[in-house]
Amino acid sequence: MRSATDILRDEHQLILCALSTLESAAERLGEGGTLPEGLWTRTICWLRTFADRSHHAKEERALFPAMVKGGVPSEDGPIAVMLEEHAEGRTLLATMYAGEPVDRIAAAHRYIRLLRDHIDKENAMLFPLADAVLDERDQTEVCRQFTDLETQLGQTARLDHARDALARL
């Protein structure tokens, strides 16, 4: 059986690919270049839809509450740090979507650094902690909640759909 953290790690790999796309676009714009029509907006929408509304929702609504039940503190600990970084990422996404062009590029570079560091922290520290405190029954329940969230959010929340959408950018 795949664990909840295995699922999230797979999603991290796809998010890292999207960050590379965003990085290339931001560098091109920063050098005065142009992008294919709609690429910037589609990339930001993909990150909002999959990385934030789906992936972060799975962590915030399923994994983190299960970890708290397992004894991990919700305040002054790794979960609080992850939640703060999710909020910071949302602010940066909003700037990338609707800010002035120069602000969009700067926000993109900050977002890329933030998410790469965030993913490293989750993969190296938070997920091993989750695996240590969640038994098989807890893991099964978190995975069930992931499935429920995907059902509620629709096909854009599914890894296979997100992978296809990213390939079309």
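Residues numbered from 1 in each chain as written. Predicted model: local features only at pLDDT ≥ 70, side-chain atom pairs only at ≥ 80, totals over all residues. Heavy atoms only, no water.

Trainee: When you look at the nonpolar core in this model, what are you seeing that I'm missing?
Mentor: Proteins that are soluble and globular tend to have nonpolar side chains buried together. Grouped together as the largest cluster of nonpolar side chains are 30 residues, with contacts concentrated most on I15, L22, W40, W46, L47, M96 and Y111. When residues of this core are traced back to their parent elements, those giving at least two are α1 (4-30), α2 (39-69), α3 (78-98), α4 (101-133) and α6 (159-167). Top element by residues in this core is α4. It accounts for eight residues. If sequence neighbours within four positions are ignored, L22 has contacts with W40, T43, I44, L47, M96, A108, Y111 and I112. (Core = buried A, V, L, I, M, F, W, Y, C linked by side-chain atoms within 4.5 Å. Buried < 20%, exposed > 50% of the residue type's maximum accessible area, 1.4 Å probe, protein only. Helix = DSSP H or I, 4+ residues; strand = E, 2+ residues; numbered from the N terminus. Contact = heavy atoms within 4.5 Å.)

Trainee: For this particular structure, what's the right way to read the environment of L129?
Mentor: Tracing the chain through its elements places L129 in helix α4. Residues L129 and A4, 125 residues apart in the sequence, show an inter-C-alpha distance of 12 Å. Here L129 is in contact with M67, V72 and P78, once residues within four sequence places are set aside.

Trainee: Whenever I open this one, the side chain of S3 confuses me. Can you help?
Mentor: Tracing the sequence through the fold places S3 in the segment before α1. Overall, the relative accessible area of 13% leaves S3 in the buried class. A polar atom in the side chain of S3 sits 3.0 Å from the side chain of T5. Dropping the residues within four chain positions of it, S3 is found in contact with D131, Q139 and C143. (Polar contact = N/O pair within 3.5 Å; in protein donor to acceptor, adjacent residues only side chain to side chain.)

Trainee: What is the right way to read the packing of α2 against helix α5 (residues 136-153) from this model?
Mentor: Each pair of packed helices gets described by two things: the angle between the helix axes and the distance between those axes. Two elements in contact, α2 and α5, have axes whose closest approach is 10 Å; the angle formed by their N-to-C orientations is 145°. Here α2 and α5 pass one another in a crossing that is right-handed. Within the contact between the two elements, α2 uses R53, S54, A57, K58, R61, A62, L63 and A66 and α5 uses V142, Q145, F146, L149, E150, Q152 and L153. The residue inventory of the contact of α2 with α5, partitioned by class, reads eight nonpolar, three polar and four charged. (Axes fitted to C-alpha atoms, helices over the stretch in contact; angles between N-to-C directions. Left-handed = near helix turned anticlockwise from the far one by under 90°. Nonpolar A, V, L, I, M, F, W, Y, C, P; charged D, E, K, R; others polar.)

Trainee: Explanation requested: the packing of aromatic side chains in the structure shown.
Mentor: Each aromatic ring pair is described using two quantities: the centre-to-centre distance and the angle formed by the ring planes. A complete count under the given rule lists one aromatic pair for this structure. Each ring, one from W46 and one from F50, has its centre 5.3 Å from the other, and the planes form 40°; the classification is tilted. Residue W46 and its partner F50 are located together in helix α2, separated by four residues, close to a single helical turn. Comparing W46 with F50 shows no difference in burial state: the two are buried. Residue placement shows R48 over the ring face of Y97; its charged tip is 4.7 Å from the ring centre. (Phe/Tyr/Trp six-rings, centres within 6.5 Å; stacked < 30°, edge-to-face > 60°. Lys NZ or Arg CZ within 6 Å of the ring centre and 35° of its normal.)

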